[in-house]
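# Architecture at a glance
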Amino acid sequence: MQLTPEEREVGKSNFYNVIGDELTRREFLERSIAAGMVSGAGLGAFYFGYQAINDPVRIGIIGTGDEGGVLIGALTPDYVQCVAIADIRPYNVHRAFHGDTSSDAIKAIRTGLMTKYGWSTEDEARKNVKVYQDYKDLLADPQIEGVIIALPLHLHAPVAIEAMKAGKHVLTEKLMGHSVHECKEMSRTAAATDKLLATGHQRHYSILYDNAVQTIRLGLLGDLHFIRAQWHRGNLPGRDSWSPPMIAELEKDLAAFEKRLAGAKSGEDYDAVRARKQQIELQLLDRAIAPEASKYGYEDTTLSSGYQRSAFEELLRWRLWNRTGGGLMAELGSHQLDAASIFISAMREDGKKVMPLNVSAVGGRYIFPHDRDSEDHVYCTYEFPAPQYDEKDPERLNKRVVVTYSSINGNGFGGYGEVVMGTKGTLILEREQEALLFQDSNTSTNIKVAKGKDGPKLDTTQSGPPAGASAGKKALDGPISRGYTEEIEHWAWCIRNRAPENQPKCHPKVALADAVIALTSNIAIRERRPVEFKEEWFDINSDETPEGVKPSVPVPA
């Protein structure tokens, strides 16, 4: 459904009003506004129950590529002090310090350590940050208390386990692990070593999503029956964001831009050509590592299509192959199935994370048939239990919530987001940046919150946005945080405030569940059959896994 600009404004105003209305406004929102914290970027501590710490946690970052650069850009120096990095790619090391200069928009996200900590030169930065090529040397550094891991998926488990055994707390990027048995091994190691293990499903720390969940928890949407989620991208052969250029392509491009620069005139065109030439030169720093990729476990392979992939290509384009990545479900779908589970859990009084009952799925390589073995299109349908579900009661057996998910390449129409449909309202979340709320399917009428027999309810007003919209908008004013900063801050706070109740929101039990959903979906896609989820798969202490491999780490005594 395409909304008009007017309908979008109505939806946004409705959402602001609901979270800011006196009947629904939460105490911490009152306190944060009273304290002058009127921007979503500064509300994490109020929303997620942590405070400032006096002694920043000394951390190392293992993997400083695309996602590692995002996490560097999300660091808060008052909570974490980066004292070391490890990466085998020279280009990534450069980006770790200077940020990603490929565009102004990207530099704003991947700011680099020099900008983050106020160091004026790389020499100054290197006096504060040790640089390692081998992550094992970083783990041997006694001053490091915790590590952030942003490596290819197949390395999450071995590096995280080694880090915890070395006495480090861990925050690893999502997906938790490459397989369910590895996720259970990570979880058991965390328990055995008494180290915090967090996984970066950052929607758990999104203030936008937290407020969206509150509208469900209050019953304002009624009973949920259907959630539609998607992540569509316009990637095509020749312009695929998961396929960065190889050395030969970069050298060819460099020669072309050098030729263009020689003939360019001063001014805007000259500056643009020069900037692109400089960017290519930085990417070519990886020439040094190209012959050594196999030394770090990457492999030369001939795919069934006949495509020959070098070890260096596997390093650069690891998301394209099942050996090193988890495909669309691990990289994209896991975020949104996690969000769907959070939404459905909000209907329960105990807030317990809800696991799906089954999945039916199809997918394939429809536009990239030769150079990869992971799918470029996936379509999934899940059934989750509603709060009234009871498998032993025939009348309540069909109390279920259906969730559909699609991720495709070749057409980015609709972008990414979720549509949550209940018996009383519809909630739309787009790009982790905007939330729109409508009563039923009415997209043209403003909503207010009224007192109902069983609590607050949605009501309509014809007189424009109600007064609550102003307070609600203050909580989400300015650029919306996607949650990366808050997840790192809370992880650091938990390290400094060790207690059984102080756990990262995406602790091993939650992260394991998200991995089970994504990885079981891959089984359904690749074997083209429906799969019923088993409770044992979600149990850290059970040796059962969907792939049939028993964890090699025993349950701690």
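With that settled, the discussion passes to the overall build of the protein chain. Tallying secondary structure elements over the protein chain gives 19 helices and 18 strands in all. C-alpha atoms of the protein chain, sized along the principal axes, occupy 70 × 60 × 50 Å. Within the protein chain, the fraction of its 557 residues that count as buried is 56%. Here the analysis covers contacts within the protein chain between residues at least 6 apart in sequence; of these, 70% occur between residues at least 24 apart. Counting only carbon and sulfur atoms, one obtains 49% of the accessible surface of the protein chain, whose full area is about 23900 Å². Charged side chains of the protein chain number 66 positive and 77 negative; the gap between the two group centres comes to 1 Å.

Turning next to the side chain of H156. Mapped onto the secondary structure, H156 falls in helix α10 (residues 156-165). Judged by relative accessible area, which is 1%, H156 ranks as buried. From its side chain, H156 meets the backbone oxygen of E173 in a polar contact 3.2 Å long. Excluding anything up to four places from it in sequence, H156 contacts I149, L151, T172, E173, K174, L175, M176, G177 and M186.

Okay, the sheet that holds strand β1 (residues 57-62) next. Taken in spatial order, the six strands of this open sheet run β3-β2-β1-β4-β5-β6, and their pairing is parallel. Two strands close off the open sheet at either side, each with one partner strand: β3 (130-132) and β6 (197-199). Sheet twist, expressed as the mean angle between neighbouring strand axes with direction ignored, is 25 degrees. The pairing of strand β4 (residues 146-149) with strand β5 (residues 169-172) spans four bridges and is parallel.

Another point: the side chain of T215. You can see T215 is positioned in helix α12 (residues 207-217). What makes T215 buried here is its relative accessible area of 1%. Residue contacts for T215: discarding those within four places in its chain leaves F15, V18, L220, L221 and L427.

The next point concerns the pattern of salt bridges. What the rule picks out here adds up to 40 salt bridges. Ionic pairing is found between R126 and E122, a salt bridge with its closest N-O pair at 2.8 Å. Within this pair, R126 and its partner E122 are both found in helix α8 (residues 122-128), separated by four residues, close to a single helical turn. Judged by relative accessible area, E122 falls into the partly exposed class, the value being 23%. Between E527 and R529 there is a salt bridge whose closest N-O contact spans 2.6 Å. Three or more residues are tied together by salt bridges with common partners; here these are R8, E9, K12, E430 and E434.

Glancing now at helix α11 (residues 180-193). For α11, which comprises 14 residues, the first-to-last C-alpha distance of 20 Å matches the rise-based estimate of 20 Å (1.5 Å per residue) to within 8%. Of the residues making up α11, those classed as buried are V180, H181, E182, C183, K184, E185, M186, S187, R188, T189 and A190. Tucked into the core, α11 has its buried residues touching α10, β5, β6 and α19 (508-527).

This next bit is on a negative patch on the surface. Side chains of E391, E535, E536 and D539 sit close together on the surface and give a patch of like negative charge. Topologically, E536 is positioned in the segment after β18 (531-532).

The rules behind these values
Residues numbered from 1 in each chain as written. Predicted model: local features only at pLDDT ≥ 70, side-chain atom pairs only at ≥ 80, totals over all residues. Heavy atoms only, no water. Helix = DSSP H or I, 4+ residues; strand = E, 2+ residues; numbered from the N terminus. Buried < 20%, exposed > 50% of the residue type's maximum accessible area, 1.4 Å probe, protein only. Contact = heavy atoms within 4.5 Å. Areas by Shrake-Rupley, 256 points an atom, 1.4 Å probe, with all protein chains shown as cover. Lys, Arg positive; Asp, Glu negative; His and termini not counted. Charge placed at Lys NZ, Arg CZ, Asp CG, Glu CD. Polar contact = N/O pair within 3.5 Å; in protein donor to acceptor, adjacent residues only side chain to side chain. Pairing = 2+ DSSP bridges. Axes fitted to C-alpha atoms, helices over the stretch in contact; angles between N-to-C directions. Salt bridge = Lys/Arg side-chain N within 4 Å of Asp/Glu carboxyl O. Expected span 1.5 Å × (residues − 1). Patch = residues over 30% accessible without salt bridge, like charges linked within 9 Å, V, L, I, M, F, W, Y side chains within 5 Å.

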